[in-house]
Amino acid sequence: MTQRYANIIGWGKYVPSRVITNADLEKTLDTSDEWIFTRTGIRQRHVVSPDEYTSTMATAAAEEALESAGVRARDLGLIIVATSSPDYLTPPVSSQVQHALGAKDVGAFTLVAGCPGFVYGLATAQQFIVSDACDNVLVIGAELISRYTDWNDRATAVLFGDGAGAAVLQVGDEPSGVLSYVLGSDGSGAEHLILPGGGTVAPPSQETLDQGLHYLRMNGRQIFRFATRVLGKALHQAIQQAGLTTDDIDLFVPHQANSRIIESAARYVGLPREKVFINIEQYGNTSAASIPIAMCEALEQGRIKTGDTVAFVAFGAGLTWASAVVKLGEPSMPTPISRLRLSLPSRLFDPITRVTRTTSAGLMKALAGCLALITALRRRGAKRRKDDG
Ligand code: ACO
């Protein structure tokens, strides 16, 4: 059996249009643009409007990724939605996204691994593809943290934003795609980033509401310490596992939590500033959505191209961390044929594909026949010349 690789062939993102700037937060919180920017690198964040949910953002990002990959939703083998902020505790948001995409009967699950959820999703998709279980897998990172944020708590309100990003992975036979990954977890630090109410430990009640247990709580200093301890190491491990060195990495696309944390990870492995992609200034920390959103922007800005090698690293609630090294395969831009394929109902496109296949098979047969005839004629001519001579 030929070796199977998990290529990333399409990317998409969605961010809500509403923006809250640091200057807006200055009006309601004891904070300043100067403090937020120098400590985190954030200037603004995008926040949903009342009629937007995690599922709607995830679906929009996924539609863009599917279009750029030229893959129909119903041709997917699996959908993975990485999020810690689903529409409901149950049913899983992944099924809502599957239904909204029209991915009839396609398996879907929600993956909860904090901010590294998207990288956990890539690793999972890679396993499904290399083991021959699926040919096409959609991985989405979507997060709506603004509805779990206490907008009176300056420790968290300044950090997070909403958004979604998605990638389509497809089987390939060239050694590219997800080359390596590292997944890690340390539950001993659970209390440092926690949404204490609403689960089985503290089910929703008047008391949990009164105590504000349905809001995200964070011990920023502890998380900062943890992140600077694990990130560089995880990044180094993924690069080594891919059989590469830091020099082979064309772009480092990290989880956008804090520009100081990103710089510390880059320093640890010796990556120069120009090889580090940072867009936290505009989006804040969008948790599991931050890497795919950043990746889309890096592609849009031409910071990476086919054949380039990209390193991801993330950390978050759990506590968890994950890193991966990915080599970009085919360009992830929609081709005319993929656009046509997506714009036509399958009952129209499938016969076209069949006719094209039948026609090309017929042409190949005719060509082979011509070649056989020419060879036979040449042989007969050679024999006649020999007989005459
Ligand atoms: N505005 C103004 N002052 C503030 C604010 C604020 N928004 N928040 C805290 N302060 C004050 C503190 O009260 C403290 O004052 P004090 O010295 O009088 O006690 C001072 O600023 C310094 O506070 P620190 O917490 O020490 O500031 P630090 O430099 O650690 O920066 C920050 C805080 C930005 C939260 C940092 O610790 C951090 O980024 N941690 C990681 C957080 C993170 O990444 N979380 C998400 C990870 S998981 C995920 O991505 C979903």
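Look up: the structure comes first, before these words.
All of the points below concern the structure found in this document. (Residues numbered from 1 in each chain as written. Predicted model: local features only at pLDDT ≥ 70, side-chain atom pairs only at ≥ 80, totals over all residues. Heavy atoms only, no water.)

**Notes on the packing of aromatic side chains**
Then, number 1: For the structure shown, the criterion picks out three aromatic pairs.
Then, number 2: With 6.2 Å between their ring centres and 40° between their planes, Trp 11 and Phe 118 make a pair best called tilted. Of this pair, Trp 11 sits in strand 1 (residues 5–14) while Phe 118 sits in helix 5 (residues 117–130), and the two are 107 residues apart along the sequence. With respect to class, Trp 11 is no different from Phe 118; both count as buried.
Then, number 3: Centre to centre, the rings of Phe 226 and Phe 315 are 6.4 Å apart; their planes meet at 70°, and the pair counts as edge-to-face. With Phe 226 in helix 8 (residues 220–241) and Phe 315 in strand 12 (residues 309–316), this pair connects stretches of sequence that are 89 residues apart.
Then, number 4: On the basis of relative accessibility, which here comes to 4%, the residue Phe 226 falls in the buried class.
Then, number 5: Exposure remark for Phe 315: the relative accessible area of 5% places this residue in the buried category. (Phe/Tyr/Trp six-rings, centres within 6.5 Å; stacked < 30°, edge-to-face > 60°. Helix = DSSP H or I, 4+ residues; strand = E, 2+ residues; numbered from the N terminus. Buried < 20%, exposed > 50% of the residue type's maximum accessible area, 1.4 Å probe, protein only.)

**Quick look at the sheet that holds strand 11 (residues 251–254)**
Then, number 1: Read across the open sheet, the four strands follow the order 8-13-12-11; overall the sheet is mixed. Both edges of this open sheet fall to strand 8 (177–185) and strand 11, since each of them pairs with a single strand only. Here the average twist between neighbouring strands, direction ignored, is 15°.
Then, number 2: Contacting strand 8, strand 11, strand 12 and strand 13 (320–327), helix 8 crosses the sheet at an angle of about 150° to strand 12. (Pairing = 2+ DSSP bridges. Axes fitted to C-alpha atoms, helices over the stretch in contact; angles between N-to-C directions. Contact = heavy atoms within 4.5 Å.)

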